[in-house]
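The primary structure of each chain is shown beneath.
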Amino acid sequence: MPLEDGDPARPRGRQVNGEVSGTPRFRGMQGDPGGSRTEVMAEGWEPGPALSDGNVTPGGAPQPAGKHEEALMTELSELVQKVVKSSSWWERHGVDISILACSFLLLPAGFLCLRSAQAIPFLAGVLILGVVHHTLTVKGSHLASHNALTESKSWGKVWAIFFIELCSAFTVEQATYNHVKIHHGYTNVIGLGDSSTWKLPFLNRYVYMFIAPLAVPILTPLVALDLLRNVEWKAALRTLCCMFLGLYCHYWLLLHISGFQSPWSALLCMLLTRSLLAHPYIHVNIFQHIGLPMFAADRKPKRIHLMSLGVLNLPRNALLDWSFGHSLISCHVEHHLFPSLSDNMCLKIKPIVSQYLKQKKLPYNEDTYSSRLWLFLQRYEELMVHAPPITELVGIQ
């Protein structure tokens, strides 16, 4: 499938919402009412030559900007690779596999708790199944899509089918293509990896942020069915079988293990558990990219700048760390720079990456969940409805 920029480049200096699109907002989100801690550019950064200019090496020889950025990424990769090579299998894969295994072991307890006629055990069952569902469908599917659960490509394919199709009711081919190839390859590039698939401009801010997430369990398989037109018939048939099996098993267990008396009550419980963490799921996907610098496909920076400018980390949170994984919460910058690493390894390299980026005067974006939520509620029209301004790269060294 060809990759094309669906959004034509704007003229330099065009004003959007009172701001000049040619003016990069490197020092943080303007008008952030929540006291945002977003460090879009390290403190003390001063404008340098444009990207088209050359940087000067310590020996005095001019070095092209592209070569300089590639050298930075190479140096950081070598530092990270040393940590990965010195890490055990348990650190590379075992910790995250254990979290997924523990989630499976909690399933019987969740279904049995739903048998109770008392409120507290019943709600405990809803909580257990909701957390387990999101751990398998978000953390499991995300790691499987990047082949971060195992070093074997064959087993990686098996786990991807299991977590993405059977547990999440989506299609492996389209999930991998849209997330790994497009979103990661063109992070915050307008028309490609700018997270526009998460925008529903016809909804107002409160409906989108607080009501629409409840529909995620219903919309996910419907979107998957629509995307099956883009895959081979064998893959489409496999996906249909896995989706049906996963949904029917959940429904059957609610009827025969949890003791639901009617199909509608079982379906309502399915919706409740599958949407339990849908709000933070939607929020995390928009908080960590939308509102940060956006680029045109023909003027995007090199990888290290693209990922450091267009990605944001949220603080650690016990529930979300378990259900979504570190790479989607507090280590999202690290994940975009090194997407094949597991959640635990992203957490392990976090001090190295943050220290290196700040040392090299590169962005390392961080903000709180509440601050980003307030920001999106205040600037919803600008961030989620109107097209974002293109960030010019003048001044990045």
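Conventions used here
- Residues numbered from 1 in each chain as written.
- Predicted model: local features only at pLDDT ≥ 70, side-chain atom pairs only at ≥ 80, totals over all residues.
- Heavy atoms only, no water.
- Helix = DSSP H or I, 4+ residues; strand = E, 2+ residues; numbered from the N terminus.
- Buried < 20%, exposed > 50% of the residue type's maximum accessible area, 1.4 Å probe, protein only.
- Areas by Shrake-Rupley, 256 points an atom, 1.4 Å probe, with all protein chains shown as cover.
- Axes fitted to C-alpha atoms, helices over the stretch in contact; angles between N-to-C directions.
- Parallel < 35°, antiparallel > 145°, perpendicular 65-115°, else oblique.
- Left-handed = near helix turned anticlockwise from the far one by under 90°.
- Contact = heavy atoms within 4.5 Å.
- Nonpolar A, V, L, I, M, F, W, Y, C, P; charged D, E, K, R; others polar.
- Expected span 1.5 Å × (residues − 1).
- Bend = angle between axes of the 7 residues up to and from the residue.
- Salt bridge = Lys/Arg side-chain N within 4 Å of Asp/Glu carboxyl O.
- Polar contact = N/O pair within 3.5 Å; in protein donor to acceptor, adjacent residues only side chain to side chain.
- Core = buried A, V, L, I, M, F, W, Y, C linked by side-chain atoms within 4.5 Å.
- Patch = residues over 30% accessible without salt bridge, like charges linked within 9 Å, V, L, I, M, F, W, Y side chains within 5 Å.
- UniProt positions renumbered as here; feature names shortened; annotations may be inferred.

Caption draft 1: Spotlight on the overall build of the chain. Across its full length, the chain holds 16 helices and six strands. Looking at the chain as a whole, 49% of its 397 residues qualify as buried. Within the structure as shown, the chain displays about 18500 Å² of accessible surface, and the carbon and sulfur contribution to it stands at 64%.

Caption draft 2: Focus on the packing of helix H8 (residues 233-256) against helix H9 (residues 263-274). Interhelical geometry of H8 versus H9 gives an angle of 120° and a closest axis separation of 9 Å. Classed by the angle they form, the pair H8 and H9 counts as oblique. The way H8 lies across H9 gives a crossing that is right-handed. From H8, Gly246, Leu247, His250, Tyr251, Leu254 and Leu255 reach across to H9, where they touch Pro263, Ala266, Leu267, Cys269, Met270, Thr273 and Arg274. Looking at side-chain class alone, the contact of H8 with H9 contains nine nonpolar, three polar and one charged residues.

Caption draft 3: Just unusual backbone geometry, in detail. Positive phi is not limited to glycine here, since Asn147 has a value of about 55°. Relative to the elements of secondary structure, Asn147 occurs in the loop between helix H3 (119-145) and helix H4 (153-167). Unlike most non-glycine residues, Ser195 shows phi in positive territory, near 65°. Relative to the assigned elements, Ser195 resides in the loop between helix H5 (172-184) and helix H6 (205-211).

Caption draft 4: Inspection of helix H2 (residues 89-113) at higher detail. The terminal C-alpha atoms of H2, which comprises 25 residues, lie 35 Å apart, in line with the 36 Å expected from a rise of 1.5 Å per residue. Of all the bends in H2, the greatest reaches close to 30° and is centred on Leu106; the proline Pro108 follows between one and four positions later. Among all positions in H2, only Arg92, His93, Gly94, Asp96, Ile99, Leu100, Ser103, Gly110 and Phe111 are buried.

Caption draft 5: Fine view of the pattern of salt bridges. Following the criterion strictly, the structure yields 13 salt bridges and no others. The salt bridge involving Glu151 is made with Arg92; its shortest N-O contact spans 3.1 Å. Here the residue Glu151 occupies a position in the loop between H3 and H4, and Arg92 occupies one in helix H2, the gap between them amounting to 59 residues. Among the residues examined, Glu151 registers a relative accessible area of 59% and is labelled exposed. In this structure, Asp343 and Lys139 form a salt bridge, with 2.6 Å as the shortest nitrogen-oxygen distance. Taken together, the residues span a long stretch of sequence, with Asp343 in helix H14 (residues 343-359) and Lys139 in helix H3 at a distance of 204 residues. The buried category is assigned to Asp343, whose relative accessible area is 0%. Among the ionic contacts, a cluster of salt bridges with common partners joins Lys157, Glu165, Glu173 and Arg238.

Caption draft 6: Geometry of the side chain of His93. Checked against the element boundaries, His93 lands in helix H2. With relative accessibility at 8%, the residue His93 sits in the buried group. A distance of 3.4 Å separates a polar atom in the side chain of His93 from a polar atom in the side chain of Glu151. Apart from the residues lying within four places of it in its own chain, the contact partners of His93 are Ala148, Leu149, Thr150 and Glu151.

Caption draft 7: Looking closely at the nonpolar core. In terms of nonpolar packing, the biggest core is built from 29 residues, with Ile304, Leu337, Phe338, Val353 and Leu357 touching the most fellow members. Within the residue set of this core, elements represented by two or more residues are helix H1 (65-85), H5, helix H11 (303-310), helix H13 (332-337) and H14. With near-sequence residues (within four places) excluded, Leu357 lies in contact with Ile304, Ser308, Val333, Leu337, Leu362, Pro363 and Tyr364. In terms of nonpolar packing, the next biggest core, distinct from the first, is built from 20 residues, Leu100, Leu136, Phe163 and Met243 among them.

Caption draft 8: A look at the packing of H3 against H9. With their axes 8 Å apart at the nearest point, H3 and H9 run at an angle of 60° to one another. Taken together, the axis directions place H3 and H9 in an arrangement best described as oblique. Taken together, the residues of H9 that come into contact with H3 (itself represented by Val126, Leu129, Gly130, His133 and His134) are Leu272, Thr273 and Arg274. A breakdown of the residues in the contact of H3 with H9 according to their chemical character gives three nonpolar, four polar and one charged.

Caption draft 9: Inspection of a nonpolar patch on the surface at higher detail. Nonpolar side chains collect at one region of the surface, where Ile218, Leu219, Leu222, Val223, Leu225 and Leu240 lie side by side and expose about 510 Å² of accessible area between them. It is helix H7 (residues 216-227) that contributes the most residues to the nonpolar patch, five residues altogether. Summarising the element assignment, Leu222 is placed in helix H7. A residue is classified by how much of its surface remains accessible, and Leu222, at 48% relative accessible area, is partly exposed.

Caption draft 10: How the structure looks around the UniProt feature "transmembrane region" (unreviewed entry) in the chain. Look at the UniProt record and you will see "transmembrane region" (unreviewed entry) annotated at residues 97-114, 119-136, 206-228 and 235-257. The span residues 97-114 is 94% helix and 0% strand, and its two end C-alpha atoms sit 27 Å from each other. The distance from the first to the last C-alpha atom of residues 235-257 is 32 Å, and the span holds 96% helix and 0% strand.

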